[in-house]
Amino acid sequence: MNRYVTDYVNGRGVLNYWGFTPALDLSSLIDVTPNNGDSKRHIKIYFDGLSDSRHILQTLAKGLSKQDGLEMQFYISESNMCIYARQLVLLQIAFAPLTRVGLHEKVCAFMELHGNLCIRPQTKRILKEICEELIMAVTDDDHARKLMPYITFKELRFKERDLVHQYLRRWRDAAASTIPLSTAWDKQLRASLGTRYDSRAGSFDWDYNMKVLEKDPKLRIIHANEYKKWRETGMAYVENESDYSQPNVTLSEGASDNAPTYSGDMEVGPYIPYGVNCEEASLLEKANDQYKKKSYDIAFHNIQEMLSILSPPDETGRPAFFQNFMVWLLPIGSSQNLWVKSKFANIFDVAFLSTHSFLGLRCELVRMLKPHAIVFFEKPRYIWWFDKENVPAFDKEVEQKAKTANLVSYPLDVKDVSETLYRFKISEDTNQTNNSNNSNSH
């Protein structure tokens, strides 16, 4: 059976609606000092399989917003246009002015659309408005430059723009009626559990204790009830007494509103990007060896802190650092052929590859990198089905794959991050060869 079909049947999903590593400020992991004689440092970062823009948002909030001498360009490559459309929605919510959506409401809407199968009517209205704006932007470059000058569709093919447009239009129109997405979740749950479906509560409990907590004791911040509720219903972030009566249509990739499908993760959950790590010590206090707060509280705090920095006060008052970044959407399958285009030769300072972009770790990748570029590759630390005893073998396989791509290990010295990412740099031999070739070409 095809590996992707197997993963889908096993509840691991074909589409990655969210990432499996915590949101990171990448500017803190690289050298952003301006070059000699330059007033600013220009950094270009290539993402393969980012899924949910978490690293971009965190880098903007924690890094770029506090550094005047820094300009950044983010290039995103994904395997499905649905993921592009979802990222556009999340980015637009993050950057929406506070006069339009209050901070608390914005945080709730962001969390729900990021990780809940069902959303509140208020969030449905926000989604409909955002989709309406994005539909106009995708089809009209002049409108796009006015609405969101920090995102460009220049590299997308027209048929890919049409696909993004189709998703946004379907989500806008579907937001007006209830779609039984919960039925699609249950159908996929039955397929993944098989004969264990009738005893699924026990299966969820076993997975939580033997897989989640086995990965890292700190993951107790994801309370058992939170995790098991999400496994059963697809609801990760639930606020007491809220009305979650509307479907989160951005999690349905089905071709028909009347027959929605769910093709995403059903084992790990959306908690890792924002709901595990936290700099606020009071939120990590324990009583009787149990965290007082839940992953919901951690995610709300982290997202609120991030969006408070990224949210303009009004329609005309975007923060100054908004002029210092650009997000580029690349054509589908760029990880396999982007290096062929001469304009992408030796331009990236950083490449960031997700765990499911393993095939992107190839020798052609180096052709797109600057001589002293850094390559980050996600470790499967938070992927429950990846057993601990398999980690050494995977480490070895990644090292070998990197070696064939002319990359050498360049370990991180930040503990929490080093447990999450591999870091590589281009081998000296490769740089010398490239320099020699460049000299000969002249």
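Given the structure is predicted, the values throughout are model-derived calculations rather than measurements.

1. Some points on the sheet that holds strand 9 (residues 348-353)
In sheet architecture, strand pairing relies on hydrogen bonds along the backbone and comes in two forms, parallel and antiparallel. Strand order across the open sheet formed by 8 strands is 4-8-2-1-9-10-12-11, with mixed pairing between neighbours. Every other strand in the sheet has two partners, leaving strand 4 (151-152) and strand 11 (407-409) as the edge strands with one partner each. Here 2 bridges tie strand 4 to strand 8 (residues 325-329), and the two strands are oriented parallel to one another. Within strand 8, the residue paired with Thr152 across the bridge is Trp328. Along the sheet face, helix 2 (residues 54-62) touches strand 1 (41-48), strand 2 (70-77), strand 8, strand 9 and strand 10 (369-378) and points at about 175 degrees away from the line of strand 2.

2. Observations concerning the domain arrangement of the protein
Here the protein is described as being made up of domain 1 (3-8 + 42-310) and domain 2 (337-426). The interface is formed by 25 residues belonging to domain 1 together with 28 residues belonging to domain 2. Measuring nitrogen to oxygen at the nearest pair gives 2.7 Å for the salt bridge that ties Glu378 to Arg54. When contributions to the side of domain 1 that touches domain 2 are tallied by element, the ones reaching two or more residues are strand 1, helix 2 and helix 9 (200-215). A total of 7 residues in the side of domain 1 that touches domain 2 trace back to one element, the largest contributor, which is strand 1. A breakdown of the residues in the side of domain 1 that touches domain 2 according to their chemical character gives 10 nonpolar, 4 polar and 11 charged.

3. Details of the side chain of Asn324
Mapping Asn324 onto the fold places it in the loop between helix 11 (295-310) and strand 8. A distance of 3.2 Å separates a polar atom in the side chain of Asn324 from a polar atom in the side chain of Lys40. Leave out the neighbours within four places in its chain, and Asn324 touches Lys40, Leu64, Asp68, Leu70, Glu71 and Met72.

4. Some remarks on the pattern of salt bridges
Side chains bearing opposite charge may pair, as long as their charged atoms lie close to each other. As enumerated under the stated definition, the model contains 27 salt bridges in all. One salt bridge in this structure joins Arg381 and Asp216, with 2.2 Å as the shortest N-O distance. Here the residue Arg381 occupies a position in the loop between strand 10 and helix 13 (391-404), and Asp216 occupies one in the loop between helix 9 and helix 10 (224-233), the gap between them amounting to 165 residues. Among the residues examined, Asp216 registers a relative accessible area of 7% and is labelled buried. Overlapping salt bridges, with partners in common, bring together Arg41, Asp349 and Lys370 in one network.

5. Looking at helix 10
All buried positions along helix 10 are accounted for by Glu226, Tyr227, Trp230 and Arg231. An end-on view of helix 10 places all buried positions within 130 degrees of arc, on one side of the element. On its buried face, helix 10 is in contact with helix 4 (103-115), helix 8 (181-193), helix 9 and helix 11. Gly234 lies just past helix 10 and shows a positive phi near 80 degrees.

6. What to know about the nonpolar core
In terms of nonpolar packing, the biggest core is built from 147 residues, with Val89, Phe95, Phe110 and Leu168 touching the most fellow members. Top contributing element to this core by residue count: helix 3 (residues 81-94), with 11 residues. The two domains that each donate at least three residues to this core are domain 1 (3-8 + 42-310) and domain 2 (337-426). Ignoring any residue separated from it by four or fewer positions in sequence, one finds Leu168 in contact with Ala85, Val89, Cys131, Leu134, Ile135 and Val138.

7. What about the packing of aromatic side chains?
Applying the stated criterion across every chain yields a total of 30 aromatic pairs. On the basis of an interplanar angle of 50 degrees and a centroid distance of 5.9 Å, the ring pair of Phe95 and Phe325 is categorised as tilted. Note that Phe95 is positioned in the loop between helix 3 and helix 4 and Phe325 in strand 8, a separation of 230 residues in sequence. Here Tyr237 and Tyr271 contribute two aromatic rings whose centre-to-centre distance is 5.7 Å and whose plane-to-plane angle is 80 degrees, an arrangement assigned as edge-to-face. Highlighted residues: Tyr237 in the loop between helix 10 and strand 5 (246-247) and Tyr271 in the loop between strand 5 and strand 6 (286-287), separated in sequence by 34 residues.

8. Points about the packing of helix 4 against helix 11
One can describe the packing of helix 4 onto helix 11 by two numbers: an axis separation of 9 Å at closest approach and a directional angle of 120 degrees. Accordingly, the angle class assigned to the pair helix 4 and helix 11 is oblique. Note that helix 4 runs across helix 11; the crossing there is right-handed. Here Leu103, His104, Lys106, Val107, Cys108, Phe110 and Met111 of helix 4 lie close against helix 11, whose contacting residues are Tyr296, Ala299, Phe300, Ile303, Gln304, Met306, Leu307 and Ser308. Among the residues forming the contact of helix 4 with helix 11, the class breakdown is 11 nonpolar, 3 polar and 1 charged.

Rules used in this analysis
Residues numbered from 1 in each chain as written. Predicted model: local features only at pLDDT ≥ 70, side-chain atom pairs only at ≥ 80, totals over all residues. Heavy atoms only, no water. Pairing = 2+ DSSP bridges. Helix = DSSP H or I, 4+ residues; strand = E, 2+ residues; numbered from the N terminus. Contact = heavy atoms within 4.5 Å. Axes fitted to C-alpha atoms, helices over the stretch in contact; angles between N-to-C directions. Domains from an automatic or database assignment. Salt bridge = Lys/Arg side-chain N within 4 Å of Asp/Glu carboxyl O. Nonpolar A, V, L, I, M, F, W, Y, C, P; charged D, E, K, R; others polar. Polar contact = N/O pair within 3.5 Å; in protein donor to acceptor, adjacent residues only side chain to side chain. Buried < 20%, exposed > 50% of the residue type's maximum accessible area, 1.4 Å probe, protein only. Arc of directions from axis to C-beta. Core = buried A, V, L, I, M, F, W, Y, C linked by side-chain atoms within 4.5 Å. Phe/Tyr/Trp six-rings, centres within 6.5 Å; stacked < 30°, edge-to-face > 60°. Parallel < 35°, antiparallel > 145°, perpendicular 65-115°, else oblique. Left-handed = near helix turned anticlockwise from the far one by under 90°.

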